[in-house]
Amino acid sequence: SALRDPDLEIARRARRCIQEIPFSRTPALLTAAAQVVKARHPPGATVGLLASLPSLDEMVEDAWLDALREVSLREGRAEPALVAALTDKRPIRRAAAAHVLGRASVAELRRRVTPLLIDPDPRVRYEAAAALVPCGEKKAVPVLTALLTDAPFPLACQAETLLCVIANSQGPSIALSNDETSARRECRDAWAEWWRTHADRVNLT
């Protein structure tokens, strides 16, 4: 609206700000932008957040996902753009949709995330599993176990952390290691055996 201000100086400065925004992608600025979107719910917020995800640095993704959770789910309904993102060609958008919809209070929305447990991308599988586990979806636990070997090491560490939460720190004593592939397989197999033994007694919720 400042572009239409009768004060030419205000309009000029607003135009310059808009021109500079695409080139000012510092983490602090992007985090602040996500917080503003979360607070104000501007029209088209879901579409805008999803569109920007592929170009974001990892350190600001959490702020973006936090804003997406706030603006795309209302009164048990999901924004159509978020549902469509479940099948987006970009893995990060599928991951974001899984992250948000898997935590929805409506079971039908959570069921839409279940197919992503076998997505080709490990990040998508992790987000789907991490979102569905607290809802009691036991088929998500073997997905986390498989990620101990199938995911990049930082993501595998996140999967291990969540498995430790599920086990209430009573899981296998073998810790994940990035030293060699065989060590990661050993950790995976130990967790797989733990789950086979304890699955019936674990209350994920």
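Residues numbered from 1 in each chain as written. Predicted model: local features only at pLDDT ≥ 70, side-chain atom pairs only at ≥ 80, totals over all residues. Heavy atoms only, no water.

**Details of the overall build of the protein**
Here is step 1 of the chain: The helix and strand tally for the protein stands at eleven helices and two strands.
Here is step 2 of the chain: Mapped from its N terminus to its C terminus, the protein presents α and β elements in the order α-α-α-α-β-β-α-α-α-α-α-α-α.
Here is step 3 of the chain: Considered along the principal axes of its C-alpha atoms, the protein spans approximately 70 × 40 × 30 Å.
Here is step 4 of the chain: Counting only residues that meet the buried cut, the protein has 38% of its 205 residues in that class.
Here is step 5 of the chain: For the protein, the exposed surface amounts to about 11800 Å²; the carbon and sulfur share of it is 52%.
Here is step 6 of the chain: Separation between the mean location of the 28 positive side-chain charges and that of the 26 negative ones in the protein comes to 5 Å. (Helix = DSSP H or I, 4+ residues; strand = E, 2+ residues; numbered from the N terminus. Buried < 20%, exposed > 50% of the residue type's maximum accessible area, 1.4 Å probe, protein only. Areas by Shrake-Rupley, 256 points an atom, 1.4 Å probe, with all protein chains shown as cover. Lys, Arg positive; Asp, Glu negative; His and termini not counted. Charge placed at Lys NZ, Arg CZ, Asp CG, Glu CD.)

**Details of the packing of aromatic side chains**
Here is step 1 of the chain: On inspection of all chains with the given rule, the structure shows two aromatic pairs.
Here is step 2 of the chain: Between Trp191 and Trp194, the ring centres sit 5.5 Å apart and the planes meet at 70 degrees, which makes this aromatic pair edge-to-face. Here Trp194 and Trp191 lie together in helix H11 (residues 181-198), a separation of three residues that amounts to about one turn.
Here is step 3 of the chain: Residue classification places Trp191 among the buried residues on the basis of a relative accessible area of 2%.
Here is step 4 of the chain: The buried category is assigned to Trp194, whose relative accessible area is 10%.
Here is step 5 of the chain: A network of ring pairs unites the aromatic residues Trp191, Trp194 and Trp195 as a single cluster. (Phe/Tyr/Trp six-rings, centres within 6.5 Å; stacked < 30°, edge-to-face > 60°.)

**Quick notes on helix H9 (residues 141-150)**
Here is step 1 of the chain: Along H9, the residues that are buried comprise Val141, Val143, Leu144, Thr145, Leu147 and Leu148.
Here is step 2 of the chain: Among the structural elements, helix H8 (122-132), helix H10 (153-166) and H11 are those in contact with the buried residues of H9. (Contact = heavy atoms within 4.5 Å.)

**Topic: unusual backbone geometry**
Here is step 1 of the chain: The backbone of His41 shows a phi angle near 50 degrees, a positive value even though the residue is not glycine.
Here is step 2 of the chain: Along the polypeptide, His41 turns up in the loop between helix H2 (27-40) and helix H3 (45-52).
Here is step 3 of the chain: Non-glycine residue Asn168 carries a positive phi angle of around 55 degrees.
Here is step 4 of the chain: Mapped onto the elements, Asn168 comes out in the loop between H10 and H11.

That is the geometry; function is a separate question.
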